[in-house]
Amino acid sequence: MILYLIKGKGRSVKIAGKYPLQVKWERFSIDFTAWEAEFTESFTKTLSELVGNKTVFDVGASTGEWSALAASIVGSENTHVFEPNKAAWAEIEQTFSLNSLPPPAGMFMGFAANTDSYSEETRKGILSPLWPAKTKGEAKFENLFERPDLPAIKLNTYCELLKVKPSVIKIDVEGAEGEVLRGSDQVLKHIRPVLFVSLHPDMVLNFGDTRNDLLQWVLSMGYEGELLGIDHEEHWLFKPTTLSPQLKA
């Protein structure tokens, strides 16, 4: 991996010397050569090797760095972005613009969860090719239970609505992993995407889950899991299998 710094445009990153990515954050600029490196390597490799359907979901996109990375590999037309914080969408749009990437194929300004709670206006927004309206404020984490006013959708429902079948789903939702996964049960059973899950052992407790219960739930869906690395969270890769489910640490 090679890191490039370009003044005034944030950081330009190439993964395996192939995929340039410009990133600029208000809080800090991400360095893909060091930040969550094991995850980055596996995520990039998996996307690069997709054949046929290359649809990628980024659930909990924050300011869009991983969404843009995915779009730079599989194309914006195959990338779908989920982020509840309204202010973050200005950052996501900027990240795509810095990389000369068109808007992603699908955009949901709300939570991916185990419930459907959204208005007709939100539904129309999902189907629109336009970026969500810009909102001033701080790009920050929103808590599913603390913000019942924000839209929520099951990935099961989203896939039915847009007639899409994800090959890869990346989940980084600060403890709400179980909510996203349970709302994706039909997707996992019938579409069988590869999962990249950032697991937060302490924060999942706030949602009535435990680390071990979530891991076993995914395995029970016919997946095998590999722990890619641990830093401020656990990074798991889950692949569908017809073999006996197992964990690889």
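Residues numbered from 1 in each chain as written. Predicted model: local features only at pLDDT ≥ 70, side-chain atom pairs only at ≥ 80, totals over all residues. Heavy atoms only, no water.

**Quick look at unusual backbone geometry**
Part 1 of the reasoning: A positive phi angle, close to 55°, is found at Ser-62, a residue other than glycine.
Part 2 of the reasoning: Relative to the helices and strands, Ser-62 resides in the loop between strand S4 (56-59) and helix H2 (65-74).
Part 3 of the reasoning: Judged by relative accessible area, Ser-62 falls into the partly exposed class, the value being 25%.
Part 4 of the reasoning: Here Glu-174, not a glycine, exhibits a phi torsion of approximately 55°, which is positive.
Part 5 of the reasoning: When you line up the elements, Glu-174 lands in the loop between strand S9 (168-171) and helix H6 (177-182).
Part 6 of the reasoning: Relative accessible area serves as the criterion here: at 25%, Glu-174 is assigned to the partly exposed category. (Helix = DSSP H or I, 4+ residues; strand = E, 2+ residues; numbered from the N terminus. Buried < 20%, exposed > 50% of the residue type's maximum accessible area, 1.4 Å probe, protein only.)

**A few points about the confidence of the model for the protein chain**
Part 1 of the reasoning: Here the protein chain averages 85 in pLDDT, while 83% of its residues score no lower than 70.
Part 2 of the reasoning: In the predicted structure, residues 1-20 sits below a pLDDT of 50 and forms 51 contacts with residues beyond four places in sequence or in another chain.
Part 3 of the reasoning: Here residues 24-29 is modelled with pLDDT under 50, and outside its nearest four sequence neighbours on either side it reaches 13 contacts, counting other chains as well. (pLDDT = per-residue confidence, 0-100. Contact = heavy atoms within 4.5 Å.)

**Describing the nonpolar core**
Part 1 of the reasoning: Counting residues in each nonpolar core, the largest one holds 38 residues, and the members touching the most others are Phe-57, Val-59, Tyr-158 and Leu-195.
Part 2 of the reasoning: No other element matches the four residues that helix H5 (residues 155-162) contributes to this core.
Part 3 of the reasoning: If you look at the next biggest cluster of nonpolar residues, it comprises 15 residues, including Phe-39, Leu-47, Ala-70 and Phe-196. (Core = buried A, V, L, I, M, F, W, Y, C linked by side-chain atoms within 4.5 Å.)

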